[in-house]
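Each chain, written out:
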Amino acid sequence: MKTFKRLIAGGALLLPAAASEAAEGGGAVPDITEGWHHLWQELILDITIIGVIFAAVTLYLLIKYRRRREGEEGKGSSLSPLASLGWVLIPAFIFLADDVYLAAKNFELWNKMREVPEGAYEVKVESYMWGWDITYPGGATATNELRVPEGTPIKVSLSSRDVLHSFFIPDFKVKWDTVPGMDTYIWFYPKKAGEHVMTCAEFCGVLHSSMHGKVIVMPEAEFKKWIEENTPRNKEA
Ligand SMILES: [Cu+2]
C-alpha cells in the first residue's frame, strides 16, 4: 500500500504528502483527531493549488485566443492529435492521482478509527430523545456529562433507546450514529484536561437542537475520585 501511495504521490502535485507522513509517526495510540485535521488541510491545499493553476491556464487561453475584431473568425486548432490527448489526459491524471491519494489516506485513517486501541477505557452511552445517558464500568451513571480521564483512549459503546441519533464530538473529530437495536461504538483519545462539546448530529425530533452535553476530560486522579464517589456500592457504604 505504501509503495502504491508513493507511486501515486510521485506522479502528482502532492507537496504536503511528505509532511503528513512525518506527522503520523510516534506513539502507540494513533492520533486520529490530528489525522483527520491534517487530511482536511491537505485536501483544501491540494484543491486550492490545482484550482488556481487550472483557473490561470484557462484565463490565459481565454485572453490569448479571444476575438479581437468584430466578425473575426477563428482558425482551426494547430494541436497535433498527441498534444490534444495530452491536454485532456495530463490534467485528468493530476486530479485523479490526487483523489486516489487522498482516498487512500482516508481509508487508512478510517481503519484506525474503527480499531479501538488496547487498554481503552470503555463507557456506555445510550441516546434518547433528547439526551445522553452514560454508564461507567462500576455502575456510576451520569446524563449529558461524559467525564473521562486524560491520557487514556476512550471507547464509547453506543446504543439508542428510541430513534436514530448521532454521537458527535467536534473537537475530537469523531461522529457515529446510534441506532435502535444495534450496538455501535467510537473511540477518541483525550490528551489533556478540558471541556468539549458533544452533540447529536442526526435530526431526531423537535428538541434535537438541545440534545447536547459536555465531554469533561479530567486529570486521572480527579477522575478516579469522581468514579469512586459515584459508584453505587461506594455510595451506600
Ligand atoms: Cu438526537
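The coordinates are above.
Right, let's walk through the structure included here. (Residues numbered from 1 in each chain as written. Predicted model: local features only at pLDDT ≥ 70, side-chain atom pairs only at ≥ 80, totals over all residues. Heavy atoms only, no water.)

## Overview of the overall build of the protein
Right, so step 1: In terms of helices and strands, the protein carries six helices and ten strands.
Right, so step 2: Counting over 237 residues, the protein shows a buried share of 34%.
Right, so step 3: Excluding contacts between residues fewer than 6 apart, the proportion of contacts in the protein whose partners are at least 24 apart in sequence is 70%.
Right, so step 4: When the accessible surface of the protein is totalled, it reaches about 14500 Å², and 61% of it is carbon and sulfur. (Helix = DSSP H or I, 4+ residues; strand = E, 2+ residues; numbered from the N terminus. Buried < 20%, exposed > 50% of the residue type's maximum accessible area, 1.4 Å probe, protein only. Contact = heavy atoms within 4.5 Å. Areas by Shrake-Rupley, 256 points an atom, 1.4 Å probe, with all protein chains shown as cover.)

## Examining the packing of aromatic side chains
Right, so step 1: Applying the stated rule across the entire model yields seven aromatic pairs.
Right, so step 2: A centroid spacing of 5.4 Å and a plane angle of 80° characterise the contact between tryptophan 132 and phenylalanine 167, whose relative ring orientation is edge-to-face. Residue tryptophan 132 is located in strand S2 (residues 131-135), and its partner phenylalanine 167 is located in strand S6 (residues 165-169); the two are separated by 35 residues in the primary sequence.
Right, so step 3: Among the residues examined, tryptophan 132 registers a relative accessible area of 0% and is labelled buried. (Phe/Tyr/Trp six-rings, centres within 6.5 Å; stacked < 30°, edge-to-face > 60°.)

## A look at the coordination of the copper ion
Right, so step 1: At 2.0 to 2.5 Å from the copper ion lie its protein donor atoms, namely His165 (ND1), Cys200 (SG), Cys204 (SG) and Met211 (SD).
Right, so step 2: Each of the four donor atoms bound to the copper ion contributes to angles spanning 90 to 124°, and the resulting shape is tetrahedral.
Right, so step 3: The sequence motif formed by the donor residues of the copper ion is H-x34-C-x3-C-x6-M. Residue histidine 165 is located in strand S6, and its partner cysteine 200 is located in strand S9 (residues 194-200); the two are separated by 35 residues in the primary sequence.
Right, so step 4: Judged by relative accessible area, which is 0%, histidine 165 ranks as buried. (Donors = N, O, S within 2.8 Å, 3.2 Å for Na, K, Ca; no water. Tetrahedral: all angles 85-135°; square planar, octahedral: opposite > 155°, others 65-115°.)

## Section: the pairing of strand S7 (residues 174-178)
Sheet faces and side chains relate simply in a regular strand, where the side chains alternate between the two faces.
Right, so step 1: Alternating residues of S7 divide into Val174, Trp176 and Thr178, all buried, and Lys175 and Asp177, none buried.
Right, so step 2: If you look at the hairpin formed by S6 and S7, you'll find four residues sitting between the two strands, and lysine 173 has a positive phi there, around 55°. (Pairing = 2+ DSSP bridges.)

## A word on the pattern of salt bridges
Right, so step 1: For the structure shown, the criterion picks out seven salt bridges.
Right, so step 2: Across the pair lysine 214 and glutamate 195 runs a salt bridge whose closest N-O atoms are separated by 3.7 Å. Of this pair, lysine 214 sits in strand S10 (residues 212-218) while glutamate 195 sits in strand S9, and the two are 19 residues apart along the sequence.
Right, so step 3: A salt bridge links glutamate 229 to lysine 225, with the shortest nitrogen-to-oxygen separation between them at 3.7 Å. Separated by four residues within a single helix, glutamate 229 and lysine 225 lie in helix H5 (residues 220-230), roughly one turn from each other.
Right, so step 4: Overall, glutamate 229 belongs to the partly exposed group, its relative accessible area being 47%.
Right, so step 5: Residue classification places lysine 225 among the exposed positions, given a relative accessible area of 53%. (Salt bridge = Lys/Arg side-chain N within 4 Å of Asp/Glu carboxyl O.)

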